[in-house]
Amino acid sequence: MADDTQQRISTEGADPLLFAGVNDANILELQRSLGVRVTLRGDTVTLSGSAEQLERAVPVVQGLVDLARMGEPVTSDDVYRLASEGPSVELAPPSADGRIVLPGLRRAIAPKTQGQREYLQAIASHDIVIGIGPAGTGKTYLAVAKAVEALARKRVKRIVLARPAVEAGESLGFLPGDLQAKVDPYLRPLYDALEDMMPHDRVQRALESRTIEIAPLAYMRGRTLADAFIILDEAQNATGAQMKMFLTRLGVNSQTVVTGDKTQIDLPKREESGLIQIERILPGVEGIGFCYLHETDVVRHRLVREIIRAYAEDATG
(Lines give C-alpha, C1' and ligand atoms only; values in the text may rest on other atoms or scores of the structure.)
Protein backbone atom coordinates (compact mmCIF):
# COMPACT_ATOMS: atom_id res chain seq x y z
CA MET A 1 0.00 0.00 0.00
CA ALA A 2 1.12 3.57 -0.67
CA ASP A 3 1.17 4.62 2.96
CA ASP A 4 3.24 1.63 4.05
CA THR A 5 6.63 2.29 5.61
CA GLN A 6 9.57 -0.03 6.09
CA GLN A 7 11.87 -0.87 8.95
CA ARG A 8 15.07 -2.91 8.57
CA ILE A 9 16.56 -4.92 11.44
CA SER A 10 19.95 -6.59 11.30
CA THR A 11 19.98 -10.34 11.94
CA GLU A 12 23.76 -10.67 11.81
CA GLY A 13 24.90 -13.45 14.13
CA ALA A 14 21.42 -14.97 14.41
CA ASP A 15 20.64 -18.48 13.20
CA PRO A 16 18.18 -17.84 10.32
CA LEU A 17 16.40 -21.16 10.87
CA LEU A 18 15.82 -20.41 14.56
CA PHE A 19 14.48 -16.98 13.68
CA ALA A 20 12.31 -17.99 10.73
CA GLY A 21 11.19 -21.36 12.09
CA VAL A 22 10.62 -24.59 10.17
CA ASN A 23 9.06 -23.77 6.79
CA ASP A 24 9.11 -20.08 7.81
CA ALA A 25 6.42 -20.76 10.44
CA ASN A 26 7.62 -17.93 12.69
CA ILE A 27 7.63 -15.39 9.87
CA LEU A 28 4.14 -16.45 8.82
CA GLU A 29 2.93 -16.06 12.41
CA LEU A 30 4.52 -12.61 12.68
CA GLN A 31 2.64 -11.56 9.56
CA ARG A 32 -0.63 -13.04 10.79
CA SER A 33 -0.44 -11.67 14.35
CA LEU A 34 0.99 -8.23 13.62
CA GLY A 35 -0.34 -7.49 10.14
CA VAL A 36 3.10 -6.61 8.73
CA ARG A 37 4.95 -8.08 5.77
CA VAL A 38 8.20 -9.75 6.81
CA THR A 39 11.05 -10.38 4.39
CA LEU A 40 14.29 -12.09 5.41
CA ARG A 41 17.19 -11.66 3.02
CA GLY A 42 20.79 -12.26 4.01
CA ASP A 43 21.50 -10.59 7.35
CA THR A 44 18.51 -8.25 7.22
CA VAL A 45 14.82 -8.64 8.02
CA THR A 46 12.57 -6.00 6.48
CA LEU A 47 9.18 -5.13 7.99
CA SER A 48 6.56 -3.37 5.88
CA GLY A 49 3.34 -1.90 7.20
CA SER A 50 1.72 1.14 8.73
CA ALA A 51 3.55 3.19 11.35
CA GLU A 52 1.24 1.79 14.03
CA GLN A 53 1.88 -1.81 12.92
CA LEU A 54 5.64 -1.26 12.90
CA GLU A 55 5.53 0.26 16.37
CA ARG A 56 4.11 -3.03 17.64
CA ALA A 57 6.22 -5.29 15.45
CA VAL A 58 9.74 -3.89 15.85
CA PRO A 59 10.30 -4.78 19.55
CA VAL A 60 8.86 -8.26 19.00
CA VAL A 61 11.04 -8.98 15.96
CA GLN A 62 14.14 -7.51 17.65
CA GLY A 63 13.53 -9.77 20.64
CA LEU A 64 13.19 -12.82 18.41
CA VAL A 65 16.44 -11.92 16.66
CA ASP A 66 18.16 -11.65 20.06
CA LEU A 67 16.86 -15.08 21.07
CA ALA A 68 18.04 -16.59 17.77
CA ARG A 69 21.51 -15.09 18.36
CA MET A 70 21.66 -16.96 21.67
CA GLY A 71 20.59 -20.21 20.04
CA GLU A 72 17.17 -20.24 21.71
CA PRO A 73 14.54 -22.23 19.78
CA VAL A 74 11.36 -20.25 19.12
CA THR A 75 8.05 -21.73 17.96
CA SER A 76 5.16 -20.07 16.17
CA ASP A 77 3.16 -20.31 19.43
CA ASP A 78 5.93 -18.31 21.14
CA VAL A 79 5.70 -15.70 18.39
CA TYR A 80 1.91 -15.49 18.84
CA ARG A 81 2.25 -15.13 22.62
CA LEU A 82 4.88 -12.41 22.35
CA ALA A 83 3.07 -10.56 19.58
CA SER A 84 -0.17 -10.48 21.55
CA GLU A 85 1.53 -8.60 24.39
CA GLY A 86 1.79 -5.50 22.20
CA PRO A 87 4.58 -2.93 21.87
CA SER A 88 5.43 -3.08 25.59
CA VAL A 89 6.54 -6.71 25.29
CA GLU A 90 9.64 -7.49 27.35
CA LEU A 91 12.01 -9.96 25.76
CA ALA A 92 15.00 -9.74 28.07
CA PRO A 93 17.25 -12.71 27.32
CA PRO A 94 17.20 -15.47 29.92
CA SER A 95 19.93 -14.95 32.48
CA ALA A 96 22.61 -17.60 32.79
CA ASP A 97 21.11 -18.94 36.02
CA GLY A 98 17.65 -18.98 34.43
CA ARG A 99 18.61 -21.79 32.07
CA ILE A 100 18.35 -25.30 33.48
CA VAL A 101 20.78 -27.79 31.94
CA LEU A 102 20.05 -31.39 32.93
CA PRO A 103 22.29 -34.43 32.37
CA GLY A 104 21.29 -36.40 29.28
CA LEU A 105 18.89 -33.72 28.04
CA ARG A 106 19.86 -32.36 24.64
CA ARG A 107 18.16 -29.01 25.18
CA ALA A 108 18.30 -26.52 28.01
CA ILE A 109 15.06 -25.75 29.82
CA ALA A 110 14.71 -21.98 29.78
CA PRO A 111 12.01 -19.57 30.95
CA LYS A 112 9.99 -18.24 28.05
CA THR A 113 8.35 -15.26 29.77
CA GLN A 114 9.30 -12.59 32.26
CA GLY A 115 6.92 -14.17 34.78
CA GLN A 116 8.65 -17.54 34.43
CA ARG A 117 12.06 -15.90 34.94
CA GLU A 118 10.86 -14.26 38.13
CA TYR A 119 9.43 -17.62 39.27
CA LEU A 120 12.79 -19.37 38.77
CA GLN A 121 14.61 -16.50 40.48
CA ALA A 122 12.24 -16.84 43.45
CA ILE A 123 12.98 -20.58 43.67
CA ALA A 124 16.71 -19.82 43.60
CA SER A 125 16.48 -17.31 46.45
CA HIS A 126 13.84 -18.69 48.85
CA ASP A 127 13.45 -21.88 50.90
CA ILE A 128 9.70 -21.90 50.27
CA VAL A 129 8.08 -20.56 47.09
CA ILE A 130 4.36 -20.40 46.39
CA GLY A 131 3.67 -20.21 42.65
CA ILE A 132 0.10 -19.19 41.79
CA GLY A 133 -1.30 -18.96 38.28
CA PRO A 134 -3.55 -20.50 35.62
CA ALA A 135 -3.04 -23.71 33.68
CA GLY A 136 -0.23 -23.78 31.14
CA THR A 137 2.08 -21.25 32.79
CA GLY A 138 4.77 -23.84 33.58
CA LYS A 139 4.38 -23.77 37.39
CA THR A 140 4.78 -27.50 37.86
CA TYR A 141 7.12 -28.17 34.93
CA LEU A 142 9.70 -25.56 35.96
CA ALA A 143 9.53 -26.61 39.61
CA VAL A 144 10.19 -30.24 38.65
CA ALA A 145 13.08 -29.09 36.44
CA LYS A 146 14.64 -27.22 39.38
CA ALA A 147 14.17 -30.30 41.56
CA VAL A 148 15.88 -32.58 39.02
CA GLU A 149 18.70 -30.04 38.68
CA ALA A 150 19.18 -29.91 42.47
CA LEU A 151 19.33 -33.72 42.60
CA ALA A 152 21.77 -33.92 39.66
CA ARG A 153 24.05 -31.35 41.31
CA LYS A 154 23.80 -33.25 44.63
CA ARG A 155 22.34 -30.23 46.42
CA VAL A 156 19.65 -32.59 47.74
CA LYS A 157 19.49 -36.34 48.21
CA ARG A 158 15.93 -36.88 47.03
CA ILE A 159 12.88 -35.36 45.41
CA VAL A 160 9.42 -35.60 46.94
CA LEU A 161 6.43 -34.74 44.73
CA ALA A 162 2.97 -34.59 46.27
CA ARG A 163 -0.58 -33.84 45.16
CA PRO A 164 -3.90 -33.80 47.00
CA ALA A 165 -6.09 -36.69 45.82
CA VAL A 166 -9.34 -34.75 45.67
CA GLU A 167 -12.34 -36.52 44.20
CA ALA A 168 -13.62 -34.39 41.30
CA GLY A 169 -16.69 -36.04 39.85
CA GLU A 170 -15.71 -39.64 40.63
CA SER A 171 -15.39 -41.43 43.92
CA LEU A 172 -12.05 -43.12 44.56
CA GLY A 173 -13.90 -46.08 46.05
CA PHE A 174 -15.52 -46.85 42.70
CA LEU A 175 -12.34 -46.69 40.64
CA PRO A 176 -10.81 -50.08 39.76
CA GLY A 177 -7.57 -51.46 41.25
CA ASP A 178 -5.66 -51.18 44.52
CA LEU A 179 -4.91 -47.90 46.33
CA GLN A 180 -1.88 -47.08 44.11
CA ALA A 181 -3.94 -47.65 40.98
CA LYS A 182 -6.66 -45.39 42.37
CA VAL A 183 -4.34 -42.45 43.11
CA ASP A 184 -2.01 -42.78 40.09
CA PRO A 185 -4.31 -40.74 37.80
CA TYR A 186 -3.90 -37.78 40.18
CA LEU A 187 -0.10 -38.14 40.09
CA ARG A 188 0.30 -38.77 36.34
CA PRO A 189 1.21 -35.15 35.45
CA LEU A 190 4.19 -35.37 37.81
CA TYR A 191 5.39 -38.60 36.16
CA ASP A 192 4.99 -36.95 32.75
CA ALA A 193 7.10 -33.94 33.77
CA LEU A 194 9.83 -36.18 35.17
CA GLU A 195 9.96 -38.39 32.09
CA ASP A 196 10.35 -35.31 29.90
CA MET A 197 13.56 -34.49 31.80
CA MET A 198 15.08 -37.90 32.55
CA PRO A 199 15.34 -41.16 30.60
CA HIS A 200 12.51 -43.54 31.48
CA ASP A 201 14.84 -46.16 32.99
CA ARG A 202 16.50 -43.57 35.23
CA VAL A 203 13.11 -42.40 36.46
CA GLN A 204 12.12 -45.98 37.25
CA ARG A 205 15.37 -46.67 39.15
CA ALA A 206 14.98 -43.45 41.12
CA LEU A 207 11.40 -44.36 42.02
CA GLU A 208 12.40 -47.87 43.08
CA SER A 209 15.22 -46.56 45.28
CA ARG A 210 12.91 -43.79 46.61
CA THR A 211 15.40 -41.15 45.47
CA ILE A 212 12.28 -39.75 43.83
CA GLU A 213 8.98 -40.22 45.62
CA ILE A 214 5.60 -39.34 44.11
CA ALA A 215 2.73 -39.67 46.54
CA PRO A 216 -0.65 -38.27 47.61
CA LEU A 217 -0.42 -35.42 50.10
CA ALA A 218 -1.90 -37.57 52.88
CA TYR A 219 1.29 -39.71 52.82
CA MET A 220 3.32 -36.75 54.14
CA ARG A 221 1.79 -36.76 57.61
CA GLY A 222 4.19 -37.44 60.47
CA ARG A 223 7.37 -37.16 58.37
CA THR A 224 10.34 -34.81 58.45
CA LEU A 225 11.84 -34.26 55.00
CA ALA A 226 15.54 -33.35 55.17
CA ASP A 227 17.97 -32.96 52.24
CA ALA A 228 15.01 -32.90 49.88
CA PHE A 229 13.41 -30.82 47.16
CA ILE A 230 9.68 -31.02 47.87
CA ILE A 231 6.89 -29.95 45.52
CA LEU A 232 3.21 -29.72 46.37
CA ASP A 233 1.26 -29.50 43.12
CA GLU A 234 -2.43 -28.52 42.71
CA ALA A 235 -2.23 -26.95 46.18
CA GLN A 236 -5.58 -25.20 45.74
CA ASN A 237 -7.15 -28.57 46.61
CA ALA A 238 -5.28 -28.97 49.91
CA THR A 239 -7.29 -28.01 52.97
CA GLY A 240 -5.93 -25.52 55.49
CA ALA A 241 -4.99 -28.35 57.86
CA GLN A 242 -3.26 -30.31 55.10
CA MET A 243 -1.31 -27.24 53.98
CA LYS A 244 -0.06 -26.55 57.51
CA MET A 245 0.90 -30.21 57.86
CA PHE A 246 2.79 -30.13 54.56
CA LEU A 247 4.71 -26.90 55.17
CA THR A 248 5.83 -28.07 58.61
CA ARG A 249 7.45 -31.19 57.08
CA LEU A 250 10.40 -29.02 55.95
CA GLY A 251 13.68 -30.34 57.36
CA VAL A 252 17.32 -29.28 57.26
CA ASN A 253 18.75 -28.47 53.80
CA SER A 254 15.36 -28.78 52.15
CA GLN A 255 13.44 -26.59 49.74
CA THR A 256 9.72 -26.48 49.00
CA VAL A 257 7.72 -25.24 46.02
CA VAL A 258 3.92 -25.03 46.28
CA THR A 259 1.98 -24.59 43.04
CA GLY A 260 -1.70 -23.90 42.55
CA ASP A 261 -4.46 -22.34 40.48
CA LYS A 262 -7.12 -20.49 42.46
CA THR A 263 -9.62 -20.82 39.61
CA GLN A 264 -9.63 -24.64 39.85
CA ILE A 265 -10.58 -25.37 43.45
CA ASP A 266 -12.41 -28.71 43.71
CA LEU A 267 -13.02 -28.57 47.46
CA PRO A 268 -16.67 -28.30 48.59
CA LYS A 269 -16.04 -24.78 49.92
CA ARG A 270 -13.56 -22.38 48.32
CA GLU A 271 -12.60 -20.88 51.69
CA GLU A 272 -11.36 -24.30 52.84
CA SER A 273 -8.45 -24.11 50.37
CA GLY A 274 -5.07 -24.05 52.10
CA LEU A 275 -3.69 -22.06 49.17
CA ILE A 276 -6.17 -19.24 49.82
CA GLN A 277 -5.27 -19.37 53.51
CA ILE A 278 -1.48 -19.14 53.14
CA GLU A 279 -1.89 -16.34 50.60
CA ARG A 280 -3.50 -14.42 53.45
CA ILE A 281 -1.25 -15.31 56.39
CA LEU A 282 2.28 -15.99 55.04
CA PRO A 283 3.29 -12.94 52.95
CA GLY A 284 6.05 -11.08 54.74
CA VAL A 285 7.54 -14.18 56.38
CA GLU A 286 11.26 -14.11 55.63
CA GLY A 287 12.39 -16.98 53.40
CA ILE A 288 8.95 -17.44 51.81
CA GLY A 289 8.38 -16.03 48.32
CA PHE A 290 5.09 -15.60 46.47
CA CYS A 291 5.21 -15.58 42.67
CA TYR A 292 2.18 -14.85 40.50
CA LEU A 293 1.95 -16.06 36.90
CA HIS A 294 -0.71 -14.76 34.53
CA GLU A 295 -2.36 -15.58 31.20
CA THR A 296 0.55 -13.81 29.46
CA ASP A 297 2.81 -16.57 30.85
CA VAL A 298 0.82 -19.41 29.26
CA VAL A 299 3.15 -21.47 27.06
CA ARG A 300 0.79 -24.22 25.93
CA HIS A 301 -1.24 -24.10 22.72
CA ARG A 302 -2.38 -20.55 21.91
CA LEU A 303 -6.01 -21.55 22.48
CA VAL A 304 -5.29 -22.26 26.16
CA ARG A 305 -4.66 -18.56 26.69
CA GLU A 306 -7.85 -17.61 24.88
CA ILE A 307 -9.85 -20.16 26.90
CA ILE A 308 -8.47 -18.78 30.20
CA ARG A 309 -9.33 -15.23 29.11
CA ALA A 310 -12.88 -16.24 28.08
CA TYR A 311 -13.56 -17.95 31.41
CA ALA A 312 -12.15 -14.96 33.34
CA GLU A 313 -14.39 -12.57 31.40
CA ASP A 314 -17.42 -14.78 32.02
CA ALA A 315 -16.68 -14.93 35.76
CA THR A 316 -16.48 -11.16 36.03
CA GLY A 317 -19.25 -10.49 33.80
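Residues numbered from 1 in each chain as written. Predicted model: local features only at pLDDT ≥ 70, side-chain atom pairs only at ≥ 80, totals over all residues. Heavy atoms only, no water.

*Asks:* Now, about the sheet that holds strand β2 (residues 37-41): what can you tell me, with residues and values included?
*Replies:* The sheet built from three strands is open, its strands ordered β1-β3-β2 with antiparallel pairing. Unpaired on one side and paired on the other, β1 (5-10) and β2 mark the two borders of the sheet. Going from strand to strand, the sheet's axes swing by 20° on average, the running direction of each strand aside. In this structure, β1 lies alongside strand β3 (residues 44-49), joined through six bridges in antiparallel fashion. Each residue of the ladder has a partner; that of Gln 6, found in β3, is Ser 48. Where helix α3 (residues 51-69) meets the sheet, its contacts fall on β1 and β3, and the angle it forms with β1 comes to roughly 15°. (Pairing = 2+ DSSP bridges. Helix = DSSP H or I, 4+ residues; strand = E, 2+ residues; numbered from the N terminus. Axes fitted to C-alpha atoms, helices over the stretch in contact; angles between N-to-C directions. Contact = heavy atoms within 4.5 Å.)

*Asks:* So what's going on with the environment of Ala 57? Residues and values would help.
*Replies:* Along the chain, Ala 57 falls in helix α3. Note on Ala 57: relative accessible area 0%, which makes it buried. Contacts of Ala 57, omitting those with residues within four sequence positions, involve Leu 34, Val 36 and Leu 47. (Buried < 20%, exposed > 50% of the residue type's maximum accessible area, 1.4 Å probe, protein only.)

*Asks:* Help me get a handle on helix α9 (residues 240-247), residues and values and all.
*Replies:* Residues that lie three or four places apart on an α-helix share one face, since the helix turns once every 3.6 residues. The set of residues buried in α9 consists of Gly 240, Met 243, Met 245, Phe 246 and Leu 247. Those residues of α9 that are buried lie in contact with β4 (128-132), β7 (228-232), β8 (255-260) and α10 (274-281).

*Asks:* I'd like a rundown of the side chain of Gln 116, residues and numbers included.
*Replies:* Relative to the helices and strands, Gln 116 is located in helix α5 (residues 114-125). Overall, Gln 116 belongs to the buried group, its relative accessible area being 3%. A distance of 2.8 Å separates a polar side-chain atom of Gln 116 from the backbone nitrogen of Lys 112. Excluding its chain neighbours within four sequence positions, the residues that come into contact with Gln 116 are Pro 111, Thr 137, Gly 138, Leu 142, Leu 293, Asp 297 and Val 299. (Polar contact = N/O pair within 3.5 Å; in protein donor to acceptor, adjacent residues only side chain to side chain.)

*Asks:* Tell me about the pairing of β2, and name the residues and values.
*Replies:* Two strands pair when backbone bridges link them, and β2 and β3 are joined in this way by five bridges, in the antiparallel orientation. Bridge assignment links Val 38 to a residue of β3, and that residue is Leu 47. Between the end of β2 and the start of β3, which pair antiparallel, lie two residues, with Gly 42 showing a positive phi angle near 60°.

*Asks:* Before we move on, could you go through the packing of α9 against α10 and cite the residues and values that matter?
*Replies:* Where α9 meets α10, the axes come as close as 7 Å, and the angle between the chain directions of the two elements is 65°. Of the two possible hands of crossing, α9 and α10 adopt the one that is right-handed. From α9, Gly 240, Met 243 and Leu 247 reach across to α10, where they touch Gly 274, Leu 275, Gln 277 and Ile 278. Across the contact of α9 with α10, the residue classes break down as four nonpolar, three polar and no charged. (Left-handed = near helix turned anticlockwise from the far one by under 90°. Nonpolar A, V, L, I, M, F, W, Y, C, P; charged D, E, K, R; others polar.)

*Asks:* Got a sec to walk through the pattern of salt bridges? Specific residues and values, please.
*Replies:* Taken as a whole and assessed by the stated rule, the structure comprises 11 salt bridges. Arg 153 is the salt-bridge partner of Glu 149, the closest N and O atoms lying 3.6 Å from each other. Judged by relative accessible area, Glu 149 falls into the buried class, the value being 6%. Residue classification places Arg 153 among the partly exposed residues on the basis of a relative accessible area of 49%. The closest approach of N and O atoms between Arg 210 and Glu 213, which form a salt bridge, is 3.2 Å. By relative accessible area, which is 51% here, Arg 210 ends up exposed. Salt bridges here are not isolated pairs; linked through shared partners, they connect Lys 146, Glu 149 and Arg 153. (Salt bridge = Lys/Arg side-chain N within 4 Å of Asp/Glu carboxyl O.)

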